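The chain contents come next:
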Amino acid sequence: MDWMSWMAWTTPSAMFFAGIGSILVGMTCWEVISPNLARKGFLPIVTTRGDRLFVSLLSGAFIHLGVIGFTEMSIWVAFGVAVSWLFIVMKWG
């Protein structure tokens, strides 16, 4: 019996959740190896790496929803914008 069949996984949804899981594992390892201090970037609050990751992922969801809801652009455009935004927030946020 396939233990995941109750969720009706598709390849894109499995890749999405595997990607998020990989990001969380990577961030955890990074924090264990190199603990960080909270800092102030262009975001209006003092943040840690985890805070900036959360802001990036949440923003990425809204970017995708905006593209799907209000434009006829490809979802790959939203993906590119969201990944670029993630790198910007993680570096300078």
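Note that the structure is a prediction, hence the values are computed from the model and not measured.

Colleague: I tried to follow the environment of Gly80 on my own but got confused; where do I start?
Modeller: Among the secondary structure elements, Gly80 is positioned in helix α3 (residues 75-92). In sequence terms Gly80 and Gly60 are 20 residues apart; their C-alpha atoms lie 9.8 Å from each other.

Colleague: Explanation requested: the side chain of Thr47 in the structure shown.
Modeller: When you line up the elements, Thr47 lands in the loop between α1 (11-33) and α2 (49-70). Looking at Thr47, the relative accessible area reads 0%, which means it is buried. Only 3.1 Å separates the side chain of Thr47 from the side chain of Arg52, close enough to count as a polar contact. Discounting chain neighbours no more than four positions away, the residues touching Thr47 are Leu37, Ala38, Arg39, Arg52 and Gly93.

Colleague: What should I look at first to understand α2 in this one?
Modeller: Because each turn of an α-helix spans 3.6 residues, side chains separated by three or four positions in sequence point in the same direction. Its 22 residues place the ends of α2 31 Å apart at the C-alpha level, agreeing with the 32 Å of an ideal helix rising 1.5 Å per residue. Here α2 has its buried residues at Arg49, Arg52, Leu53, Ser56, Gly60 and Val67. Along the axis of α2, the buried residues cluster in a sector spanning 100°; they form a single face. In this structure, α2 carries Phe54, Phe62, Leu65, Gly69 and Phe70 as exposed residues pointing more than 90 degrees from its buried face. Those residues of α2 that are buried are in contact with α1 and α3.

Colleague: Please explain the side chain of Arg52 as it appears in this structure.
Modeller: For Arg52, the location among the structural elements is in helix α2. Notably, Arg52 is buried but unbridged: the nearest opposite-charge side chain belongs to Asp51, and the N-O separation is 6.7 Å. Excluding residues within four positions of it along the chain, Arg52 makes contact with Asn36, Arg39, Leu43, Thr47, Val89, Met90 and Gly93.

Colleague: In this structure, what is going on with the pattern of salt bridges? I would like to understand it.
Modeller: As a working rule, side chains carrying opposite charge can pair if their charged atoms are close by. Across all of its chains, the model carries one salt bridge by this definition. The salt bridge partner of Arg49 is Glu31, with a shortest N-O separation of 3.4 Å. Of the two residues, Arg49 is situated in helix α2 and Glu31 in helix α1; the sequence distance between them amounts to 18 residues. The exposure class of Glu31 is partly exposed, given its relative accessible area of 30%.

Colleague: Help me understand the packing of α2 against α3 in this model?
Modeller: Two numbers describe a pair of packed helices, the interaxial angle and the distance between the axes. One way to put it is that α2 packs onto α3 with a least axis distance of 9 Å and a crossing angle of 160°. By the angle between their directions, the pair α2 and α3 is classed as roughly antiparallel. Considering how the two elements wind past one another, α2 and α3 form a crossing that is right-handed. Residues Arg49, Arg52, Leu53, Ser56, Leu57, Ser59, Gly60, Ile63, His64, Val67 and Ile68 of α2 pack against Ile75, Ala78, Phe79, Val81, Ala82, Trp85, Leu86, Val89 and Met90 of α3. Its residues assigned to classes, the contact of α2 with α3 shows 14 nonpolar, four polar and two charged.

The rules behind the values
Residues numbered from 1 in each chain as written. Predicted model: local features only at pLDDT ≥ 70, side-chain atom pairs only at ≥ 80, totals over all residues. Heavy atoms only, no water. Helix = DSSP H or I, 4+ residues; strand = E, 2+ residues; numbered from the N terminus. Buried < 20%, exposed > 50% of the residue type's maximum accessible area, 1.4 Å probe, protein only. Polar contact = N/O pair within 3.5 Å; in protein donor to acceptor, adjacent residues only side chain to side chain. Contact = heavy atoms within 4.5 Å. Expected span 1.5 Å × (residues − 1). Arc of directions from axis to C-beta. Lys, Arg positive; Asp, Glu negative; His and termini not counted. Salt bridge = Lys/Arg side-chain N within 4 Å of Asp/Glu carboxyl O. Axes fitted to C-alpha atoms, helices over the stretch in contact; angles between N-to-C directions. Parallel < 35°, antiparallel > 145°, perpendicular 65-115°, else oblique. Left-handed = near helix turned anticlockwise from the far one by under 90°. Nonpolar A, V, L, I, M, F, W, Y, C, P; charged D, E, K, R; others polar.

Read these as spatial facts, not as claims about activity.
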